[in-house]
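Letter by letter, the chains look like this.
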Amino acid sequence: MELALVTGASRGIGRATALLLAQAGYCVAVNYRQREAEAQQVVAAIEAQGGKAFTVQADIADEAQVVRMFQQLDRYEAPLKVLVNNAGILFQQCRTEDLTAERLQRVFATNVTGTFLCCREAVKRMGTQHGGSGGAIVNVSSAAARTGAPGEYVDYAASKGAMDTLTKGLSLEVAAQGIRVNGVRPGFIYTEMHADGGEPGRVDRLASVIPMGRGGQPQEIAEAILWLTSDAASYITGTIIDAAGGR
Ligand code: NAD
């Protein structure tokens, strides 16, 4: 059995992705930062459908914790073949003139540094030049990387833009090592990320501007992620798929 690590997998898009990867036959490492009970529930759901999974704790913004998490994965006989960098944070909408450096640093620490650290550790294990047998990395970006999210969260949008550039650059660096690196840019997806959006009616307003007339479900993003990890996408690297209902 091969290993797949999904960061921030205790809920939302990460949870849906963990369930699909388990159905595809991977033993799934369900990463969580604080929500241990929810992560255990994801493992239980995977086991209930006949799959294999375990939880692995780490705040991906913390280098020592990321290194420790990958060392934990090394204890399993199975090779790491898939990494889904899903964990991400978004704060309440805020105009740039009110944005603090602290908030900016927190957003970048998780969305950019955390993604980078997990990519680095995965490449060291997947790369054929390191004795690995290749693999697939998928970075969960955002439609905000394209729009810039003016007046809402330019910090978050910029962090996702940085992720997209990381996806592109890393894909070229590791292409000859048998590792494919791609991304998915979700639009507006119904998850708890929007539970504390600030402005009343915000969720309806976000959904109303989507050409397909609705927000997406976590499962719809997980399907795109699964496809990018699969052999069906064996000749695709450095690509970022928009999964945003036409937005
Ligand atoms: P969510 O808030 O439900 O899930 C995010 C998960 O990441 C949570 O489990 C959270 O605990 C975890 N996480 C956050 N910081 C972490 C850290 N430092 N270390 C480990 N785990 C951490 O949100 P979601 O909507 O499922 O978001 C998943 C990804 O999709 C995020 O990267 C988000 O930016 C992206 N995205 C979501 C939407 C949307 O509309 N929901 C749109 C575009 C992009």
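What counts, and where the lines are drawn
Residues numbered from 1 in each chain as written. Predicted model: local features only at pLDDT ≥ 70, side-chain atom pairs only at ≥ 80, totals over all residues. UniProt positions renumbered as here; feature names shortened; annotations may be inferred. Helix = DSSP H or I, 4+ residues; strand = E, 2+ residues; numbered from the N terminus. Expected span 1.5 Å × (residues − 1). Buried ≥ 20, exposed ≤ 12 C-beta atoms within 10 Å, placed from the backbone. Contact = placed C-beta atoms within 7 Å. Pairing = 2+ DSSP bridges. Right-handed = clockwise from strand over helix to strand, strands pointing away. Core = buried A, V, L, I, M, F, W, Y, C linked by C-beta atoms within 7 Å. pLDDT = per-residue confidence, 0-100. Arc of directions from axis to C-beta. Axes fitted to C-alpha atoms, helices over the stretch in contact; angles between N-to-C directions. Parallel < 35°, antiparallel > 145°, perpendicular 65-115°, else oblique. Left-handed = near helix turned anticlockwise from the far one by under 90°.

The name that an unreviewed UniProt entry assigns to the protein is NAD(P)-dependent oxidoreductase, with the source organism given as Pantoea phytobeneficialis. Taken directly from UniProt, the Sequence similarities (unreviewed entry) text for the protein runs: "Belongs to the short-chain dehydrogenases/reductases (SDR) family."

Undergrad: Where do I start with helix α6 (residues 154-174) in this structure?
TA: Think of an α-helix as turning once every 3.6 residues; residues three or four places apart then point the same way. Taking 1.5 Å of rise per residue, 21 residues should cover 30 Å, and α6 covers 30 Å from first to last C-alpha, within 8% of that figure. Here α6 has its buried residues at D155, Y156, A157, S159, K160, M163, T167, L170, S171 and V174. For α6, the elements touching its buried residues are α4 (101-126), β5 (135-140), α5 (144-147), β6 (179-186) and β7 (240-243).

Undergrad: It is not clear to me how the pairing of strand β1 (residues 3-6) should be interpreted in this structure. Could you clarify?
TA: Successive residues of a regular strand alternate their side chains across the two faces of the sheet. Side chains L3 and L5 project from β1 onto one buried face, and the interleaved A4 and V6 project onto a second face that is buried too. Note: β1 against strand β2 (residues 27-32), 4 bridges, orientation parallel. Paired with A4 across the two strands is V28, which belongs to β2. In this fold, the crossover linking β1 to β2 by way of helix α1 (residues 12-23) has right-handed handedness. The pairing of β1 with strand β4 (residues 80-85) spans 4 bridges and is classified as parallel. Within β4, the residue paired with V6 across the bridge is V84.

Undergrad: Help me understand unusual backbone geometry, please; the structure alone is not making it clear to me.
TA: One can expect most non-glycine residues to show negative phi and most peptide bonds to be in trans. At A149, a residue that is not glycine, the phi angle is positive and equals roughly 50°. Structurally, A149 can be placed in the loop between α5 and α6. A149 gets classed as partly exposed once you count the C-beta atoms within 10 Å, which come to 19.

Undergrad: Would you take a moment to explain the nonpolar core for this structure?
TA: Generally speaking, nonpolar side chains in soluble globular proteins are found buried as a group. Core analysis: the biggest nonpolar cluster contains 69 residues, and A18, L21, V28 and V30 have the highest contact counts within it. Beyond its immediate stretch of four places on either side in the chain, A18 contacts V6, A9, V28, V30, V42, I46 and A53.

Undergrad: Can you walk me through the confidence of the model for the protein in this structure?
TA: In regions of low pLDDT, the predicted coordinates are not meant to be interpreted in detail. For the protein, the mean per-residue pLDDT works out to 96, and 98% of the residues sit at or above 70. Of all the helices and strands in the protein, helix α7 (residues 202-208) carries the lowest mean pLDDT, 82, while β5 carries the highest, 99. Of the two predicted TM-score estimates for the complex, the pTM is 0.98 and the ipTM is 0.99.

Undergrad: How should I be thinking about helix α3 (residues 63-74) in this particular structure?
TA: Taking 1.5 Å per residue as the helical rise, α3 with its 12 residues ought to reach 16 Å, and the 17 Å between its terminal C-alpha atoms agrees with that figure. What α3 keeps buried is the set V66, M69, F70 and L73. All buried residues of α3 project into a common sector of 95° when viewed along the axis, lining one side. Exposed residues on α3 whose side chains face more than 90 degrees from its buried face are A64, Q71 and D74. Turning to α3, the residues buried within the fold contact β1, β2, β3 (52-57), β4 and α4.

Undergrad: What is the right way to look at the packing of α1 against helix α8 (residues 218-229) in this model?
TA: Closest axis-to-axis distance for the α1/α8 pair is 8 Å, and the angle between their directions is 50°. Overall, the two elements α1 and α8 adopt an arrangement that is oblique. Once α1 is placed against α8, the crossing between them reads as right-handed. On the side of α1, the interface is formed by G12, I13, R15, A16, T17, L20 and L21, while α8 contributes P218, Q219, I221, A222, E223, I225 and L226.

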